[in-house]
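What follows is each chain in one-letter form.
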Amino acid sequence: MDTTADDALAGAAEGTNYLTEPRGLLSWLFTLDHKRIGVMYLVSTLTAFFIGGVFALLVRTELLTPGKTIVDADTYNQMFTLHGAIMIFMFLIPGIPSAMGNFALPLMLGAKDVAFPRLNLASYWVYVLGSLFFIAAMLMNGVDTGWTFYAPYSTTTTTSVTTVVLGAFILGFASIFTGLNFIVTIHKLRRPGMGWFQMPLFAWALYATSIIQILATPVLGITLLLIAVERVMGVGLFDPALGGDPVLFQHFFWFYSHPAVYIMVLPAMGVASEIVSTFSRKHIFGYKFIAYSSVAIAVIGFLVWGHHMFTSGQSNLASTIFSFLTFAVAVPSAIKAFNWVATMYKGAVRLDTPMLYFLSFLWLFLIGGLTGLFLATLATDVHVHDTYFVVAHFHYVMVGGTVSALLGALHYWWPKMFGRMYNEKLGRIGAILVLVGFNLTFFVQFIAGTKGMPRRYYNYLPEFQKYHVISTMGSYLMGVAFLLILGYLLHSLFRGRPAPANPWGANTLEWHTTSPPPVHNFLSPPEVSDPYDHSGWRYDESVGGYVRAAAEGVRA
C-alpha cells in the first residue's frame, strides 16, 4: 500500500490533524505550524478584501450620478484612497503568497514546515500590526492621496498620511520575512530526490516572487519613511517649496510598485499552472519554459518602472528605452499563456470550479496584458494617461488576474485545508457570476477612458453617466457573487462532505497526505515523482476521490 493510503487510514484512525491538535486559542495565536499561519493569513487578507470591497461599492454608488449621490467630494477622495491602499497592501500583495503559499509550499516540497517557523509567525503579527495602522487612519481623518501617495500633495495634506505610510512601511517587513523564508525553504527543505525541475511550478512562482519581495520592498519602505520625515520634520525631499523633487518620489515609488505588480501576479500564474494541468488530466506543457519565464518576469520587471512616467518630463531616450523594456516583459507572460493553452489542447478538460476560475484568470489576464501594450506605446499612452482606460487595465490584471487565481486556489486547496468539500454546483454559479460581474464593471471603463473620462474624478460630464451606471451594476453583481461564495464555503465547514485525500487526481505532494494534513504534514515520508504525471491515479467512487492504482489493487 502506498504512502497516501497509509496516511489516509492512519489519519482516520487517529482522528487528529493540524486543525484540531493542539487545541485552544493560544495554540493558534502562537502557532509555528505553517498551515495554521496560512489559515490565519487567509482569514486576515479576506477580511481586508471585504473592507476594501465595501469601499469599492461605496465609490461605485457615488459615481452613479454626476455630482453628489451619497457623499461629498472629500469623503469620496478618502474612500477611493482607502479602497486602493487596503486592496494593494493588505490583500493583493500578501493574498496568494502569504496565505496559500504558506499553507501549500512546504507540503508541495515534502517538508515538515518552512525553514524559519518563528520568523513566519513574526511575519503574520507584523502584518497585523501594519494593518492596525491602516485601521487607525480610517478612524482618525482618513487619507485622500490615492494609494500612490504622490508628493507634494501627500506631504502637505492634513489627512492621516503619516499613519498610513508607517502602516505600509511595517507591512513591508512582513512581505520581506515571507520572501526570505520561502527562498531558504525551497533551497534547503526539498525532499531528497526533488531537483529544481521536479518542483511544482507554484514553487517556482513563489521563488521568483520572493526575489522581488526581498529586493524591491526596502525601496518602497524607505520612500514612504521619507514621506513621513518630510511631513513631520519639514525636510525638503519631494516638495518643491522646500527644495525637493516630486519626480524623484515617482522614480522611487514605481521602482517598487511596478515589480509589486508581479508580486501579485506571479503567484497567480503559479496557481494557474497547477490547476490547468490537474483539470486537463494532462502533463503541463513546456515545464521549463514556464519555470524560466517566472524568473524572467521577476528580473525584467525591475527595469520597466519608467513607463508610468511617460508624461513626467523624462527624456525621449529614457521613455523609448522603458517602452521597449515594457514590451519585452510581455514575452515571458505570453510564453506562459501559450503553454497553458497547449496543456488544455487534447486534454480531458473537466470544468470544475477551480478550472472555471483558471479560465476566468486566463481570459481576464490576457485582456489586461494586451491592453497594457497600448500603455507601453508612447503615443497611445499619452492619449489615455490618467483616464479610466488605465483603471480598467489595472483592474483586469490585478483583480481579474490575481483575484480569479486566488479564488481558484481557494477552491482547489479548500478540501486539503479544511477536510470538507463545498457545493460544486454553487461553486460553478459563483465563478460565472464573478466573471460576468467583473466584465460588466470594468470593460465599459476602457470605452469611457478612450472617450476622455479622467480617473479619480468625483464629478463628470453627463455623457459619461451610462458607463458609470453599467459599471456600478456590475460591481453590485460581483458583490452578490462574493457573498454567495462566502456562504457556501462557510456552510461546507459544518455540512460539507468529508474530503478525500486527493479529490482532484493531482500528483503534487500535498495530495499524498490526508485532508486535512496531520500536524507534521506526512505520517510517512512521501515518494517524490513527476508532479504532473497523473497516470498513477484512478477515481474511486467509494471514497469520492482519486487513489493510487496500487492502493486500489490492495483494497480489491
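Predicted model, so just to flag it, every value in this text is computed and none were measured.

Caption draft 1: Structural context of the overall build of the protein chain. The helix and strand inventory of the protein chain stands at 17 helices and two strands. Across its three principal axes, the protein chain shows a C-alpha extent of roughly 80 × 45 × 45 Å. Counting contacts in the protein chain only where the partners sit at least 6 residues apart, residues at least 24 apart contribute 80% of the total. If the 30 positive side-chain charges of the protein chain are averaged to one point and the 27 negative ones to another, these points end up 5 Å apart.

Caption draft 2: Fine view of the nonpolar core. The biggest cluster of nonpolar side chains holds 152 residues, and the ones touching the most others in it are Phe 89, Trp 340, Phe 358 and Trp 413. Per element, the largest residue contribution to this core is 22 residues, and it comes from helix α4 (residues 73–109). Not counting chain neighbours up to four residues away, the residues in contact with Phe 358 comprise Ala 272, Ile 275, Val 276, Trp 340 and Met 344. Residues Leu 364, Val 384, Phe 389 and Ala 392 belong to the second largest nonpolar core, which totals twelve residues.

Caption draft 3: Region of interest: the packing of aromatic side chains. This model, assessed by the stated rule, comprises 48 aromatic pairs. A centroid spacing of 5.9 Å and a plane angle of 75° characterise the contact between Phe 443 and Phe 446, whose relative ring orientation is edge-to-face. Here Phe 443 pairs with Phe 446, and both are found in helix α15 (residues 424–450), just three residues apart, close to one helical turn. Joined through ring pairs, the aromatic side chains of Phe 89, Phe 134, Trp 147, Phe 149, Tyr 150, Phe 238, Phe 249, Phe 253, Trp 254 and Phe 394 make up one cluster. We note Arg 190 situated over the ring of Trp 196; from NZ or CZ to the ring centre the distance is 4.8 Å. The ring centre of Phe 197 lies 4.7 Å from the NZ or CZ of Lys 288, which sits over that ring.

Caption draft 4: Region of interest: the pairing of strand β1 (residues 537–540). Inspection of the sheet shows β1 paired to strand β2 (residues 545–548) by four bridges, in the antiparallel sense. Bridge pairing in β2 links Arg 538 to Val 547. In sequence, β1 turns back onto β2 through a hairpin of four residues, with Gly 544 there showing a positive phi of about 70°.

Caption draft 5: Representation of the confidence of the model for the protein chain within the structure. In the predicted model, the protein chain carries a mean pLDDT of 92, and the fraction of residues at 70 or more is 96%. Below pLDDT 50 for its whole length, residues 9–13 participates in five contacts with residues either more than four positions away or in separate chains.

Caption draft 6: Region of interest: the pattern of salt bridges. Under the counting rule described, the total for this entry stands at seven salt bridges. Measuring nitrogen to oxygen at the nearest pair gives 3.0 Å for the salt bridge that ties Asp 33 to Lys 35. Both residues of the pair, Asp 33 and Lys 35, belong to the buried class. With its nearest N and O atoms 3.6 Å apart, the salt bridge here joins Arg 455 to Asp 386. Of the two residues, Arg 455 is situated in the loop between α15 and α16 (465–495) and Asp 386 in the loop between α13 (378–384) and α14 (388–418); the sequence distance between them amounts to 69 residues. On the accessibility criterion, Asp 386 (34% relative accessible area) is partly exposed. Through salt bridges with shared partners, a single network forms among Arg 350, Asp 352, Glu 424 and Arg 428.

Caption draft 7: Structural detail: the environment of Ser 333. Positionally, Ser 333 belongs in helix α11 (residues 316–344). On the basis of relative accessibility, which here comes to 14%, the residue Ser 333 falls in the buried class. Remark: the alpha-carbon pair of Ser 333 and Thr 371, spanning 38 residues in sequence, is separated by 14 Å. Contacts of Ser 333, omitting those with residues within four sequence positions, involve Met 269, Ile 297 and Phe 365.

Caption draft 8: Structural view of the side chain of Asn 339. Among the structural elements, Asn 339 can be located in helix α11. Given the relative accessible area of 3%, Asn 339 is considered buried. Discounting chain neighbours no more than four positions away, the residues touching Asn 339 are Phe 285, Gly 286, Phe 289 and Ile 290.

Caption draft 9: Structural context of the packing of helix α9 (residues 246–280) against helix α10 (residues 287–300). The geometry of α9 relative to α10 is characterised by a closest axis approach of 11 Å and an angle of 175° between their N-to-C directions. Taken as axis vectors, α9 and α10 run roughly antiparallel relative to one another. Of the residues in α10, those touching α9 at Tyr 262, Leu 266, Met 269 and Ser 273 are Ile 290, Ser 294, Ile 297 and Ala 298. The class makeup of the residues in the contact of α9 with α10 is six nonpolar, two polar and no charged.

Caption draft 10: Representation of the packing of α4 against α9 in the model. Interaxial distance between α4 and α9 falls to 10 Å at its minimum, and their mutual angle equals 40°. In terms of orientation, α4 lies oblique with respect to α9. Relative to α9, the crossing made by α4 is left-handed. On the side of α4, the interface is formed by Ile 88, Leu 92, Ile 93, Ile 96, Pro 97 and Met 108, while α9 contributes Tyr 256, Ala 260, Ile 263, Met 264, Pro 267, Ala 268, Val 271 and Glu 274.

Reading the values: the criteria
- Residues numbered from 1 in each chain as written.
- Predicted model: local features only at pLDDT ≥ 70, side-chain atom pairs only at ≥ 80, totals over all residues.
- Heavy atoms only, no water.
- Helix = DSSP H or I, 4+ residues; strand = E, 2+ residues; numbered from the N terminus.
- Contact = heavy atoms within 4.5 Å.
- Lys, Arg positive; Asp, Glu negative; His and termini not counted.
- Charge placed at Lys NZ, Arg CZ, Asp CG, Glu CD.
- Core = buried A, V, L, I, M, F, W, Y, C linked by side-chain atoms within 4.5 Å.
- Buried < 20%, exposed > 50% of the residue type's maximum accessible area, 1.4 Å probe, protein only.
- Phe/Tyr/Trp six-rings, centres within 6.5 Å; stacked < 30°, edge-to-face > 60°.
- Lys NZ or Arg CZ within 6 Å of the ring centre and 35° of its normal.
- Pairing = 2+ DSSP bridges.
- pLDDT = per-residue confidence, 0-100.
- Salt bridge = Lys/Arg side-chain N within 4 Å of Asp/Glu carboxyl O.
- Axes fitted to C-alpha atoms, helices over the stretch in contact; angles between N-to-C directions.
- Parallel < 35°, antiparallel > 145°, perpendicular 65-115°, else oblique.
- Nonpolar A, V, L, I, M, F, W, Y, C, P; charged D, E, K, R; others polar.
- Left-handed = near helix turned anticlockwise from the far one by under 90°.

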